[in-house]
Amino acid sequence: MRNFFFTLATHRARLNTFFEKRWLILPLFSAFLVILSFYPFRVPFLVFVAFVPFFYFVNFSATLSSRKVFWGGAMGGALISFSLSYATIMQFHWIPEAYLFTYIVRLLFIPIALIGGAMSGVFLIFYRFLRTSSLYLNLLFMGSFVIMEIALSWVLGGYHFVALASTVVDNSLFMSLGNKGGMFLISFAVYLVNAFLASFLLARTRTDMKKVCVAAFAFFALLIIVSSGILTKEKRDGFGEIKPLKIALIQDLDKKEGAFGKMEENGSFRFEKLEARLREAAAYNPDIIVYPFSPVNGAFVEDASPPVFNKGVLAVRTEVFARWLKERVPPETLVITWDSVYRNSAFYNEFTYWKDGAIIERYAKRNAFPFFDYTPRWAQNLGLFSTPFDTIAGDNDGIVSLPEGVFGNLLCSEVNTQGLAREDARTASLLFAFGSEAAFTDDVASAFTLANARFRAAENGVFVVRGNRFGPSAIISPEGKIIAEMPYGKEGVLAATIPLYDRAITTFTRYGNTPLYILLAGIIVGGIFSRFLRARRQKRNLEN
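Calculation rules
- Residues numbered from 1 in each chain as written.
- Predicted model: local features only at pLDDT ≥ 70, side-chain atom pairs only at ≥ 80, totals over all residues.
- Heavy atoms only, no water.
- Buried < 20%, exposed > 50% of the residue type's maximum accessible area, 1.4 Å probe, protein only.
- Helix = DSSP H or I, 4+ residues; strand = E, 2+ residues; numbered from the N terminus.
- Pairing = 2+ DSSP bridges.
- Axes fitted to C-alpha atoms, helices over the stretch in contact; angles between N-to-C directions.
- Parallel < 35°, antiparallel > 145°, perpendicular 65-115°, else oblique.
- Left-handed = near helix turned anticlockwise from the far one by under 90°.
- Contact = heavy atoms within 4.5 Å.
- Nonpolar A, V, L, I, M, F, W, Y, C, P; charged D, E, K, R; others polar.
- Patch = residues over 30% accessible without salt bridge, like charges linked within 9 Å, V, L, I, M, F, W, Y side chains within 5 Å.
- Areas by Shrake-Rupley, 256 points an atom, 1.4 Å probe, with all protein chains shown as cover.
- Salt bridge = Lys/Arg side-chain N within 4 Å of Asp/Glu carboxyl O.

1. What to know about the pairing of strand β12 (residues 405-411)
Move 1: Taking burial as the measure, the 7 residues of β12 include 6 buried ones, the bulk of the element.
Move 2: As paired elements, strand β11 (residues 400-402) and β12 share 3 bridges and run antiparallel to each other. When the bridges of β12 are listed, Leu 402 appears paired with Gly 405.
Move 3: Adjacent in sequence and paired antiparallel, β11 and β12 are bridged by 2 residues.
Move 4: Note that β12 and strand β13 (residues 430-434) share 5 bridges and pair parallel. Looking at β13, one finds that Gly 408 is bridged to Leu 431.

Spelled out as structure tokens, the structure:
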């Protein structure tokens, strides 16, 4: 065993000498592995080793200057942010009239790369400052890299494509952490796996190796216990017996002439493509038919005086479409569409619940997203417009109570908002999350949003129906698993039966990210306190 450690120390010394001279190799190699873990390569198992070179880089030498530590972190972080943001943002296209907005969005990969790089460099310096002799505390410090994810997600309004959790969305072991601490706790766990491997490589004694192995064993044992469901007891009362709910969801790829309905000269509505899809969906004898898009290229109008549109945008009276729908759907079937609605002299972005030719419920989007739901006033003053008309946020909550069930609603970008899903999940057992990423030329954004829908399901222990007219669409279980799916680029009807039941409120629904924030704050405070004690001991030693 002594020979083993002697040989290991000899090779490590040679490697460290090599990396002292070529210090950029480790952070850049780490960035390369992270990039391969995400779109468009999607090699998810690499994420468990991707940050090992990064963590080794910041720990292997006590003489590596702070300047090199910062630039290593900054260049690695910038490369990751640049690669992934460029691959997605350059696909963005918007309405032709908003060409200036489109160009500005496509250039956002530059500030995103700079911000990601700067945050990474600063965090490495901060970690280097707090690093202690305690192996266990250092492991937690490495896990706290998730703070950068949380910060970037906040800066980007939830559209953070480099969340490590999204690479393990098909791993039930890690997804089981969702109902305890949300997607960021999952990312924290992935960082910890990297930290265990890096710490093992950095271990200088047999005792250090044993400590790493013990910590890793305890971590995975806890992970298995959480995944087994021993700590979670679901209640299935409320509905009494499990109540099956049949759903038929329409996915259609047409973006041109047949994508929307038209008004005839006699005042009637015509939409042949949707009519055919409704017949196909009705053949499944569903309780609910979902069309996750608007039947009109414009808005439904409920005011006596309709708004003035340009000639390419259609204003349709709500009662006209209701009459058309009544003739084509069985009276007992609930239909949900996603519409722009003009009423009370304002536009709303809504889910409309139709039954037997009448609107029985509606949900107006609570969180209007700037530049996509409305153009901010300051941008209008600069002549930068991004929307044909501005919608305003609804003052409703997200709950719709019907004989079919109690449903929560997340409209488009709201699926990226943890708080809204938590709010609805306290009452509902099923969340409808419809949206469209048609502004991107392939499935990068839609795959990201589907992953977020799966996180909302796992976090809150509820079923989620993710509807996207262009795909992918999915029925998602309370564990975040896909029950049924229609992939991107395919059209038809996705039909599935959901066994609705009442269930216990999850830890995440009750407390959100607060426990994780407390943990991260405790790690930082512990590091600062440890640093203070170390400085105090050094001062005493000098005095003696």
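Further notes follow.
2. A word on the packing of helix α7 (residues 135-143) against helix α18 (residues 514-543)
Move 1: Where α7 meets α18, the closest approach of the two axes is 10 Å, and the angle between their N-to-C directions is 135 degrees. Considered as vectors, α7 and α18 are oriented oblique to each other. Between α7 and α18 lies a crossing whose hand is left-handed. Of the residues in α18, those touching α7 at Leu 137, Leu 140 and Phe 141 are Ile 523, Gly 526, Gly 527 and Ser 530.

3. Examining the packing of helix α6 (residues 109-130) against α18
Move 1: Relative orientation of the contacting elements α6 and α18 amounts to 50 degrees, with a least axis distance of 9 Å. With respect to their mutual orientation, α6 and α18 come out oblique. Along its contact with α6, which presents Phe 126, Phe 129 and Leu 130, the element α18 presents Ile 524, Gly 527, Ile 528, Arg 531 and Arg 534.
Move 2: When its residues are assigned to classes, the contact of α6 with α18 shows 5 nonpolar, 1 polar and 2 charged.

4. With respect to a nonpolar patch on the surface
Move 1: On the surface, Leu 28, Trp 71, Met 75, Leu 79, Phe 82, Tyr 86 and Met 90 cluster together into a nonpolar patch covering about 600 Å² of accessible area.
Move 2: Examining the composition of the nonpolar patch, we find that 5 residues originate from one element, helix α4 (residues 66-89), more than from any other.
Move 3: Inspection of the secondary structure assignment puts Leu 79 in helix α4.
Move 4: Classification of Leu 79 as partly exposed rests on a relative accessible area of 32%.

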